[in-house]
4 protein chains.
Amino acid sequence: MSLLDTPRGDTEPDSPTLEFQVADLDLAEAGRHQIRLAEQEMPGLMALRERYAESRPLAGARIAGSLHMTVQTAVLIETLVTLGAQVRWASCNIFSTQDEAAAAVVVGRDGTPTDPRGVPVFAWKGETVEEYWDCAERIFDWSTEAVAEGGDYLGPTMILDDGGDATLLVQRGVEYERGDGVPETRDEDGAEQRAFLDVLRRSLDRDPERWQRIAADIRGVSEETTTGVHRLLEMDREGTLLFPAISVNDSVTKSKFDNRYGIRHSLVDGLNRATDILIGGKTAFVVGYGDVGKGAVDALRGQGARVIVGEVDPILALQAAMDGFQVAPLDDVVGQVDIVVTATGNDGVVTVDHLLGLKHLAVVANVGHFDTEIDVAGLETLEGAERIRIKPQVDEWRLPNGRSIVVLSEGRLMNLGNATGHPSFVMSMSFTNQVLAQLELWTTPEAYPVSVATLPRALDEEVARLHLDALGAKLTRLTKRQAKYLGVDREGPFKPDTYRY
Amino acid sequence: MSLLDTPRGDTEPDSPTLEFQVADLDLAEAGRHQIRLAEQEMPGLMALRERYAESRPLAGARIAGSLHMTVQTAVLIETLVTLGAQVRWASCNIFSTQDEAAAAVVVGRDGTPTDPRGVPVFAWKGETVEEYWDCAERIFDWSTEAVAEGGDYLGPTMILDDGGDATLLVQRGVEYERGDGVPETRDEDGAEQRAFLDVLRRSLDRDPERWQRIAADIRGVSEETTTGVHRLLEMDREGTLLFPAISVNDSVTKSKFDNRYGIRHSLVDGLNRATDILIGGKTAFVVGYGDVGKGAVDALRGQGARVIVGEVDPILALQAAMDGFQVAPLDDVVGQVDIVVTATGNDGVVTVDHLLGLKHLAVVANVGHFDTEIDVAGLETLEGAERIRIKPQVDEWRLPNGRSIVVLSEGRLMNLGNATGHPSFVMSMSFTNQVLAQLELWTTPEAYPVSVATLPRALDEEVARLHLDALGAKLTRLTKRQAKYLGVDREGPFKPDTYRY
Amino acid sequence: MSLLDTPRGDTEPDSPTLEFQVADLDLAEAGRHQIRLAEQEMPGLMALRERYAESRPLAGARIAGSLHMTVQTAVLIETLVTLGAQVRWASCNIFSTQDEAAAAVVVGRDGTPTDPRGVPVFAWKGETVEEYWDCAERIFDWSTEAVAEGGDYLGPTMILDDGGDATLLVQRGVEYERGDGVPETRDEDGAEQRAFLDVLRRSLDRDPERWQRIAADIRGVSEETTTGVHRLLEMDREGTLLFPAISVNDSVTKSKFDNRYGIRHSLVDGLNRATDILIGGKTAFVVGYGDVGKGAVDALRGQGARVIVGEVDPILALQAAMDGFQVAPLDDVVGQVDIVVTATGNDGVVTVDHLLGLKHLAVVANVGHFDTEIDVAGLETLEGAERIRIKPQVDEWRLPNGRSIVVLSEGRLMNLGNATGHPSFVMSMSFTNQVLAQLELWTTPEAYPVSVATLPRALDEEVARLHLDALGAKLTRLTKRQAKYLGVDREGPFKPDTYRY
Amino acid sequence: MSLLDTPRGDTEPDSPTLEFQVADLDLAEAGRHQIRLAEQEMPGLMALRERYAESRPLAGARIAGSLHMTVQTAVLIETLVTLGAQVRWASCNIFSTQDEAAAAVVVGRDGTPTDPRGVPVFAWKGETVEEYWDCAERIFDWSTEAVAEGGDYLGPTMILDDGGDATLLVQRGVEYERGDGVPETRDEDGAEQRAFLDVLRRSLDRDPERWQRIAADIRGVSEETTTGVHRLLEMDREGTLLFPAISVNDSVTKSKFDNRYGIRHSLVDGLNRATDILIGGKTAFVVGYGDVGKGAVDALRGQGARVIVGEVDPILALQAAMDGFQVAPLDDVVGQVDIVVTATGNDGVVTVDHLLGLKHLAVVANVGHFDTEIDVAGLETLEGAERIRIKPQVDEWRLPNGRSIVVLSEGRLMNLGNATGHPSFVMSMSFTNQVLAQLELWTTPEAYPVSVATLPRALDEEVARLHLDALGAKLTRLTKRQAKYLGVDREGPFKPDTYRY
């Protein structure tokens, strides 16, 4: 990756109190343009800025953030700052940083590339795994700030996490400090695991109680994803969780919007950028009819495809049927299929046999989760199969049966690989939940014992409310009499916790 | 109602062991035709018959049912019987009985009008409230059966309830027996309350411990509706609930199907039968974007209406916006509206002022809950307003402003009043839940303490599964490896309890 | 039909100048209610009334109308009268008259059943074919009017026809008068042909030049249907056409609206009234993807059915595919089908073999044209097949293979037989074309030589324009500069004659 | 444009008989990849290859083609060659050439960049207007071929044209030769007109009868676009048309597919690539409800936008209303609009006043025709307005009122500028019409007098038929009896010429 040859942001910059490491501060202007346009699409965050700009309820809070360093995240970071927080940031993926966004955040709205005045960011597109864990560790090192402010702290007061890597660092750091130190690297450890252990090993060498002191200051973590929440719930079950956690992922305004409406947008976008084939008239098979699958199906039908749905869950299968779709196993119809989309979170749902059964030049795309939904690994070892790179993230695979298929993003999430991920508006909903979660942890820590909580329904509704105006949607208001009749408060929450939306 | 003049079924019929009271046994043949067609649309019930016809797992169970005595309910009753249960039945509404269905159930598949061999039913269209509560009481009187079988019981082993009236009879019976007897009728009591108390007063006079002995035999109740569940939850909170309860209403296969897909069907049906106006091109306002509202909106858009949505809940409002609908208070757009549909469960959502603001001959319809969603009472006292009956359940109201509106079913549920209620397929899902709930209560009573439970997710999924074949929908099956990867059983349940579908 | 036993309207009524023959004048009030509501749904006709009430451009015109005597036709008739015309009316189908509408038209807005002051109508539900042709002949007998006005005419100045029967009477009358008289009835002639010839034979006996004198006065005919236009085009080709004809059927505002949007409404309506089965989730097969088929498909998808399309025309087949539907011959998928809808105008598109292949209790419905689209005749002679009448227009056919199917309206148009035909709004578009055609023939006869014309595009656009307001649709207006740029008049017409809409 | 500095294809290449001028033959391999994938999406062309590869019905034909030199056009060119034709090609737009496609066509399937064996192409991205007309002239210079074959011809036997520039060269060449020579360049002539006249002036200088001899050999032209057909019809009216013309544009399989389904695809694609804003929930205004507008509306609704339609034509406005859309002038709703799409072919439909009234950062896009649909020129002279280039083809305009708007492709066709134009499948339909038109002109010239014809309906249907298989759509076949009943041939054509589809 040529990225590694380009000049990086300096760790000893002109501005003596601002640390950072990004690709190129000269990208800041381009990044600022995009941030400005994105702000218009992120009304929830902008509303919070307006509401709290004066009172600065996050004053005193120090937030260590680990989440894809994109244009949308830039709007999130600058919202946290507007609310009074200090922030340090790394990306949670080695490829997902948009360098111009990172540069703009470092430079800040009032700075220049030669006099950056923004936020310490440690992220660039194309990090090595060693660099990745270095960056992750640096968001916990608040010594510069402590010196500048005369504070006696080591680390953050809260973590804002995506996937749980930042949290993992603290959890394992404490575990190894309290136990027998960092375990030896084993032969079977991958590069990532080695890098992770190396970072902790160096840390324990320098200061054998550092993570314990860091953990003591942390009021909690807000976690973005299913995967991260899964990890947190396990720790909670095992009794090892060190601080309270809020699952942003389980807010209705995250799961029912990001998943469904985000995919409705980005699936079509990714298919178009990758292949230019006409979706109309094609037969598409969508594996999975959860929220993501429903969004995929809406998108494909909206473009005139005939859609067939595969499901293992009879309730979801029946929903698909009642919504007018043929429901069948992929095995039964594979020879009719032009486009396969996986949306399951499961493993091996499209097998090599399926791939061999598809129509010539059928397109295979994953919007579910890991790259194992489609057995690309199986393709790679299939005798007689040959890969031809059509363009980045678009491979033709010539199969031994004489047909070809087109695999997007090597079976990884094509909405990220072939499109530009979830659009700003949908990210605004997730990130407004994030900010509210950080506010909760900071301002009412007593409400959150060491456990995994979701945001109260009232805040969930608040997130929705903050996004209505931008769409010109106007709420009806309950009269006092109606509120009493329904037994709810006029301002909500309006539905019981079991309501399914 | 001329019904009251027609000959009733005799309570001393030829068949000395079969009690019943219905409108006319000669309607049985017509009823049997309809039941036969409905069976095809109720695959869940038919699948249970097939599965359990031999093992008869409900053998020994005595079920007191109180639920609209319709063609669909006939299929439910005969399914319970096929599974081995004994059944007595009343309707839960004075108007909802389909007399031909009642007759067919009494006559039975092997009987004739002169030799009925079916099930004791006590229900006819157009009961008085006194008759209604008499019928309700009769489903608890199993003396004939006890005599025939040499049993020493008084009443049923389970209740199958819709709205909670049957349960209420037992609860209050026990309360009054244990306390100071049946309270005096008060001046403010309505006719219904008087009839209810009279039935209990007569019972206590005859046997002051009857309801306590009946309650002791009851293993539980399965309840169909929100309203009934609401009552049960209150009793549970107050500690007065006498036996376990299962809320059928909260099954996913009830709430997410009956509400959404049932209304999608019956709203259009009701509008067409009532008015014959072309829905296409019209502007429709749907109040409420819950499951019922979503179904209404789908139906109207599917017929080419432009739809505007009113909502008080910001999350639902945002869903409506993301689904492509204008969201506005009725006040703001009332002058553009040709069709208003209420789907809220709330009170007074369409006021007299709204009605005065509508377009000439706009249609006003309620698919929510009670007749107070639309302020028809306000119309009745509005000076200068005049009602013209166009046909049954369709009234033109001439307004003092010179315009008219068309009110369906006097503001009551128009899917019942102007159409034929929910279609069989959707009722099959509810009723399969009912049968499974009865099976649970009978076969694994230990799993249900005195409380309000929902059916286990596995049974909910089973209900869905039993309806797939009829639609030609074919499930995909998890491999063992996939099941392990997901951490679920291959046969389900597939989703956590918090999953929102 | 018990109708024949009910008292008919008298041909020597109290009002000495008003002839008529209808079922029962006491139905007039009920009819007037329905007419009043229909007027709201027929804005094109009402706009013409308003525009021309004063100038009465049809003054002097005498219109002989032959078209289903329904509520909508009543609004048409009274519009013609408001524009100054004299009118006599018969139905064009022995079953299609709505007796209350006929009564209301005879009584008129100012009359009473005992003092009718409306329009001479000769139509009732359930005519014999002899009665039918008698009625048809009476709309040509304007002697009463001639006497009252001192006019020296015999018949009408224009015909308004549906299917061409009224026109046929004149054409054949003239042919037989000029030739060798009315041909002998042959053995193979059906009852209808005999009745037709009898009417003409009596006429020639009375007055051997009557039809020639009638024809001489006729400025033209406006024809409603494909079938009627087909007949006219044949006469025109053969050189026998006696007067100009305008095809209302070929107006865009007829063919692209009545067909598509009318069926979208009435197919669902008919299915629901006939069967109450849930359309959602079912597999529906629509034969034909013309305008009617497109409307049917929209309706079924709008209710959540999975739709498969059968087509013989590759262009229409490709449209169906691009719209997202599976396209296949019925043979290939018949075993999956729950609902079959024919929309072809073709013969035998659903054969007995197809019917035998359908799922148990599949519903079979025709919205195309004649009852031969579905081979019901073949069913009737199929050994082992048995018909069970479920209710009027709904037959279960038990098939020799043990399955049953449900046939609607005996294979005739189910939108008429099971629903209430096209809704008023759509009929308003057709009928506004009719009125404009009559105005053209009366006021600019020189523009219409003896041939078959369509209405000028400008009038077609005018029909559309008159229906926009009622839907709240507001046109944009071309600037002078834009009109010049496009080379069109600011007021239209906007599109070339070849434009396909 | 840096393109001008890159090495061009040599006009004296290694292969002594192959002339060409393209950007870089080394792009051929990349181009061949894309051509290969596109072939799969162009089944009509591939079917013609298969059908005619052996008989080579275009043997002897020489085709001068002037049409965007894209990947899809490469498939067209190579189809013509497979059918036996000789071809020379230029682009019809200075920017639209895809250089890799041009290179691949020159190199040919059997050649290499150093030994090109394909087709003479004269086209590259970023021609000057002088270069453009030079290239156009070179497709008429068949001297090399004549020498090689010993033929005594000067030019082509047919023209395949897009927009009419190639035809114009011949028409004007002949006119000037027969008249007083090429007119003097006038001061008001633009650069393009000067270049055009210069080319002809040089030609007449060299050979004053060249174009007359060229014209004499031309059997006809097939024209792709509305604009080109418009020009041809004018010549025909004026009596100056020199040879027969076939309008491909008026085939149903062009106008009803390319317009509607092409835009449905490329509008969403262009919006996404340009802006990444979430379309769902936004309010979109589509100006024009013709085929293009209908496609735009489908696409936007399919992505969850609320759509409002503006129309001047009442019939189209009524269609929009009946399809469920609000119909209003842009003036009335401009303040609610997030996305404006023009689809009119008209001038100035979005004015500066409209642009000033839009929401902040509203997106403005044209999919109609010329860049004057949106008054971008007016923006450029608006005091206080400032343009900020966000990225190529995406401009933010800061308006004097403090708001901004985002203008795509400077108001030019955004489906070309921001997306990749019409997808291959849709182009396959157009181009299959082109090939059939060329076949008609070559093989049955007697059927085409000097005039402007459309392809017979049977060929139109054939184009559709050739695209069904690829979509898995299977036609039903008429029986002989049915064909007779309908009065059509079993193989079609199935519809009269006036049928509107």
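The rules behind these values
- Each chain has its residues counted from 1, following the order in which its sequence is written.
- Labels follow written order: the first chain is A, the first ligand is 1, and so on.
- It should be noted that, the model being predicted, local features are given only for residues of pLDDT at least 70 and side-chain atom pairs only at 80 or more, the latter also being counted only at that level, while totals for whole chains, interfaces and linings use all residues.
- Values shown for side chains rest on all heavy atoms present in the structure; no hydrogens or waters enter the calculation.
- UniProt positions are given in the numbering used here, feature names are shortened, and annotations may be inferred rather than shown by experiment.
- At least two bridges found by DSSP between two strands is the condition for calling them paired.
- Runs of E in the DSSP output that reach at least two residues are strands. Runs of H or I that reach at least four are helices, and both are numbered from the N terminus.
- Between two residues, a contact is recorded if the distance between any of their heavy atoms is within 4.5 Å.
- Once two parts are joined, some of their accessible surface, as seen by a 1.4 Å probe, is lost; buried area is that loss totalled over both.
- Here a salt bridge means any side-chain nitrogen of Lys or Arg lying within 4 Å of a carboxyl oxygen belonging to Asp or Glu.
- Under this definition, polar contacts are N or O atom pairs within 3.5 Å; protein pairs additionally need one hydrogen-donor-capable and one acceptor-capable atom, and for neighbouring residues in sequence, both atoms have to be side-chain atoms.
- Polar here means any residue other than Ala, Val, Leu, Ile, Met, Phe, Trp, Tyr, Cys and Pro, which are nonpolar, and Asp, Glu, Lys and Arg, which are charged; Gly is therefore polar.
- The superposition of copies rests on a least-squares fit of C-alpha positions from residues with pLDDT of 70 or more in both.
- Each residue gets one of three labels from its accessible area relative to the maximum for its type: buried under 20%, exposed over 50%, partly exposed in between, using a 1.4 Å probe on protein chains only.

Identification of chain A as Adenosylhomocysteinase from Amnibacterium endophyticum is taken from an unreviewed UniProt entry. Heading Subcellular location (unreviewed entry) of the UniProt record for chain A holds this comment: "Cytoplasm". As stated in UniProt under Pathway (unreviewed entry), the record for chain A gives "Amino-acid biosynthesis; L-homocysteine biosynthesis; L-homocysteine from S-adenosyl-L-homocysteine: step 1/1."

Provide a residue-level description of the sheet that holds strand β3 (residues 121-122) of chain C, including the pertinent values.
Residue and element names in this part refer to chain C. If you trace the seven strands from one edge of the open sheet to the other, you get β3-β2-β1-β4-β5-β6-β15, paired in parallel fashion. Unpaired on one side and paired on the other, β3 and β15 (452-454) mark the two borders of the sheet. As judged from the four bridges shared by strand β4 (residues 158-161) and strand β5 (residues 220-223), these two strands associate in the parallel manner. In the strand pairing of β5, Leu160 is matched with Ser222.

Break down the interface of chain C and chain D for me, with residues and values.
Taken residue by residue, the interface counts 62 residues in chain C and 62 residues in chain D. Here chain C meets chain D over a buried area of about 5500 Å², counting both sides, of which 60% is carbon and sulfur. Joining chain C to chain D, the criterion identifies six salt bridges. For Asp313(D), the salt bridge identified is with Lys495(C), shortest N-O distance 3.6 Å. Counting across the interface, chain C meets chain D through 22 residue pairs in polar contact (both at pLDDT 80 or more). Elements that contribute at least two residues to the side of chain C that touches chain D include exactly α11 (252-255), α12 (258-275), α13 (291-302), α14 (314-322), α19 (424-443), α20 (457-468) and α21 (480-486) of chain C. Classifying every residue of the side of chain C that touches chain D gives 29 nonpolar, 14 polar and 19 charged.

I'd like a rundown of the relation of the copies chain C and chain D, residues and numbers included.
For the pair chain C and chain D, the best superposition has an RMSD of 0.1 Å and corresponds to a rotation of 180° with a translation of 0.1 Å parallel to the axis. The relationship between the two copies is best expressed as a two-fold rotation axis. In terms of C-alpha distance to the rotation axis, chain C has Arg500(C) as its closest residue, with the C-alpha 2.2 Å off the axis. In this assembly, 100% of the residues forming the interface of chain C have copies in chain D that are likewise at the interface, indicating an isologous arrangement.

Any details on the environment of Lys391(B)? Residues and values, ideally.
Residue and element names in this part refer to chain B. In this structure, Lys391 sits in strand β12 (residues 386-391). The exposure class of Lys391 is partly exposed, given its relative accessible area of 33%. With 116 residues separating them in the primary sequence, Lys391 and Thr275 have C-alpha atoms 9.7 Å apart. Polar contacts involving the side chain of Lys391 include one to the main-chain carbonyl oxygen of Arg273, which spans 2.8 Å.

Requested: an account of the interface of chain B and chain A, with residues and values cited.
By convention, interface size is frequently given as the accessible area that disappears when the constituent parts associate. Taken together, the contacts link 62 residues of chain B with 62 residues of chain A. Summing both partners gives a buried area of about 5500 Å² for chain B against chain A, and 60% of it is carried by carbon and sulfur. Summed over the three residues of chain B that lose the most area to chain A, namely Ile315(B), Met322(B) and Arg500(B), the buried surface amounts to 15% of that side. Counting every contact that joins chain B to chain A gives six salt bridges. In this structure, the salt-bridge partner of Arg481(B) is Asp347(A), at a minimum N-O distance of 2.7 Å. Counting every contact that joins chain B to chain A gives 22 residue pairs in polar contact (both at pLDDT 80 or more). Those elements that provide at least two residues to the side of chain B that touches chain A are α11 (252-255), α12 (258-275), α13 (291-302), α14 (314-322), α19 (424-443), α20 (457-468) and α21 (480-486) of chain B.

Could you give an account of the UniProt feature "domain: S-adenosyl-L-homocysteine hydrolase NAD binding" (unreviewed entry) in chain A, with specific residues and numbers?
The sites that UniProt annotates as "domain: S-adenosyl-L-homocysteine hydrolase NAD binding" (unreviewed entry) are residues 259-421 of chain A. For residues 259-421 of chain A, the end-to-end C-alpha separation is 11 Å, with 35% helix and 23% strand making up the annotated structure.

Before we move on, could you go through unusual backbone geometry and cite the residues and values that matter?
Note on backbone geometry: most residues besides glycine have negative phi, and most peptide bonds are trans. Backbone torsion omega between Gly492(A) and Pro493(A) reads 0°, so that peptide bond is classified as cis. If you check the backbone angles, Gln393(B) has positive phi at about 75° while not being a glycine. Here Gln393(B) is to be found in the loop between β12 and β13 (394-398). Within the chain, Arg56(C) stands out as a residue other than glycine whose phi angle is a positive 45°. By the secondary structure assignment, Arg56(C) is in the loop between α2 (43-52) and β1 (62-66).

So what's going on with helix α4 (residues 99-107) of chain A? Residues and values would help.
One full turn of an α-helix is made of 3.6 residues, so residues set three or four places apart face in the same direction. Residues and elements named next belong to chain A. Taken across its nine residues, α4 has eight buried, putting it largely inside the fold. Here α4 has its buried residues at Asp99, Ala101, Ala102, Ala103, Ala104, Val105, Val106 and Val107. Lining the buried residues of α4 we find α1 (28-40), α3 (71-82) and β3 (121-122).

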